[in-house]
Amino acid sequence: MLNKLIVLAVLLLPACFANAHEYKSGELEIAHPWSQELPPNAPTVAAYFVIHNSGKTADRLLSVESPIAGVAQLHEHVMQNGLMKMQQVPSVEIPAGGETTFAPMAYHVMLLELKDRSLLSDGKRFPLTMHFEKSGDVTVEVAVQKKAPDSMQAHMHAQ
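Residues numbered from 1 in each chain as written. Predicted model: local features only at pLDDT ≥ 70, side-chain atom pairs only at ≥ 80, totals over all residues. Heavy atoms only, no water.

A. Local environment of the overall build of the protein. Per the secondary structure count, the protein includes two helices and eleven strands. Each helix and strand of the protein, ordered N terminal to C terminal, gives the series α-β-β-β-β-β-β-β-β-β-β-β-α. Looking at the 159 residues of the protein, the share that counts as buried comes to 38%. A sequence separation of at least 24 residues applies to 65% of the contacts in the protein between residues at least 6 apart. If you sum the accessible surface of the protein, you get close to 9100 Å²; carbon and sulfur atoms cover 57% of it. (Helix = DSSP H or I, 4+ residues; strand = E, 2+ residues; numbered from the N terminus. Buried < 20%, exposed > 50% of the residue type's maximum accessible area, 1.4 Å probe, protein only. Contact = heavy atoms within 4.5 Å. Areas by Shrake-Rupley, 256 points an atom, 1.4 Å probe, with all protein chains shown as cover.)

Here you go:
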């Protein structure tokens, strides 16, 4: 019986890691990169995640890129003249001992000039490389989902 339990534990262990969706680079941890499934004719797609900085100095996300898009940009939503507006930003600071959230109606990555739409349906993943000022480059797998994760719902409603 004990042997069967050990075999079962060994077989289930990879599944636990498959669901883990966090990436580290230096003092930074990028948690659950995701994108929402869009209609086939959508001209752009956005990617979201949370970056935790456990270090004692701030870092900065300088740029991003993905093979599924010709152009990848850092964007934010801002209120101007009573209207919510999206605008490109040159970089995003990740504060020391803090975090920066990329979510709908906040910072986000815009992927333009889409090349490979086959990876933009529910359950698929696509690579996204982040270029940090101090922590270097980190490539993550962005999970495409039909709706925002539960952890993002609270952020979206708080805006």
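B. A look at the side chain of Thr129. Looking at the secondary structure, you find Thr129 in strand S10 (residues 125-132). Reaching out from Thr129, the side chain makes a polar contact with the side chain of Thr139 at a distance of 2.8 Å. (Polar contact = N/O pair within 3.5 Å; in protein donor to acceptor, adjacent residues only side chain to side chain.)

C. Expanded view of a nonpolar patch on the surface. Among the surface-exposed residues, Met79, Met84 and Met105 lie close enough to one another that they form a single nonpolar patch of about 290 Å² accessible area. You can see Met84 is positioned in strand S6 (residues 83-88). The class of Met84 is partly exposed, set by a relative accessible area of 40%. (Patch = residues over 30% accessible without salt bridge, like charges linked within 9 Å, V, L, I, M, F, W, Y side chains within 5 Å. Salt bridge = Lys/Arg side-chain N within 4 Å of Asp/Glu carboxyl O.)

D. The arrangement of unusual backbone geometry in detail. For Asn81, which is not glycine, the phi dihedral falls at a positive 55 degrees. For Met105, which is not a glycine, the phi torsion comes out positive at approximately 70 degrees. Looking at the secondary structure, you find Met105 in the loop between strand S8 (99-102) and strand S9 (108-114).

E. Expanded view of the pairing of strand S5 (residues 69-80). Pairing between S5 and S9: six bridges, direction antiparallel. Among the inter-strand pairings, Ala69 is bridged to a residue of S9, identified as Leu114. When S5 meets S6, the two strands line up antiparallel, connected through six bridges. What sits directly across from Met79, in S6, is Met84. Where S5 folds back onto S6 in an antiparallel hairpin, the turn is made up of two residues, including Asn81, whose phi is positive at roughly 55 degrees. (Pairing = 2+ DSSP bridges.)

F. Summary view of the nonpolar core. Ranked by internal contacts, the top residues of the largest apolar core, which has 27 residues, are Phe49, Ile51, Leu61, Leu111, Leu128, Met130 and Phe132. Going through the elements one at a time, strand S2 (28-36), strand S3 (45-53), strand S4 (59-65), S5, strand S7 (92-94), S9, S10 and strand S11 (136-145) are the ones with two or more residues in this core. Beyond its immediate sequence surroundings of up to four residues, Leu128 is in contact with Ala47, Phe49, Val64, Glu65, Ser66, Val109, Leu111, Val138, Thr139, Val140 and Val142. By size, the runner-up hydrophobic cluster in this structure holds five residues, among which are Trp34, Ala46, Tyr48 and Met110. (Core = buried A, V, L, I, M, F, W, Y, C linked by side-chain atoms within 4.5 Å.)

G. Structural view of the environment of Phe49. Assignment of secondary structure puts Phe49 in strand S3. Each C-alpha atom, one on Phe49 and one on Ala103, is 6.7 Å from the other, the two residues being 54 residues apart in sequence. If sequence neighbours within four positions are ignored, Phe49 has contacts with Ile30, Ala31, His32, Pro33, Leu61, Thr100, Thr101, Phe102, Val109, Leu128 and Met130.

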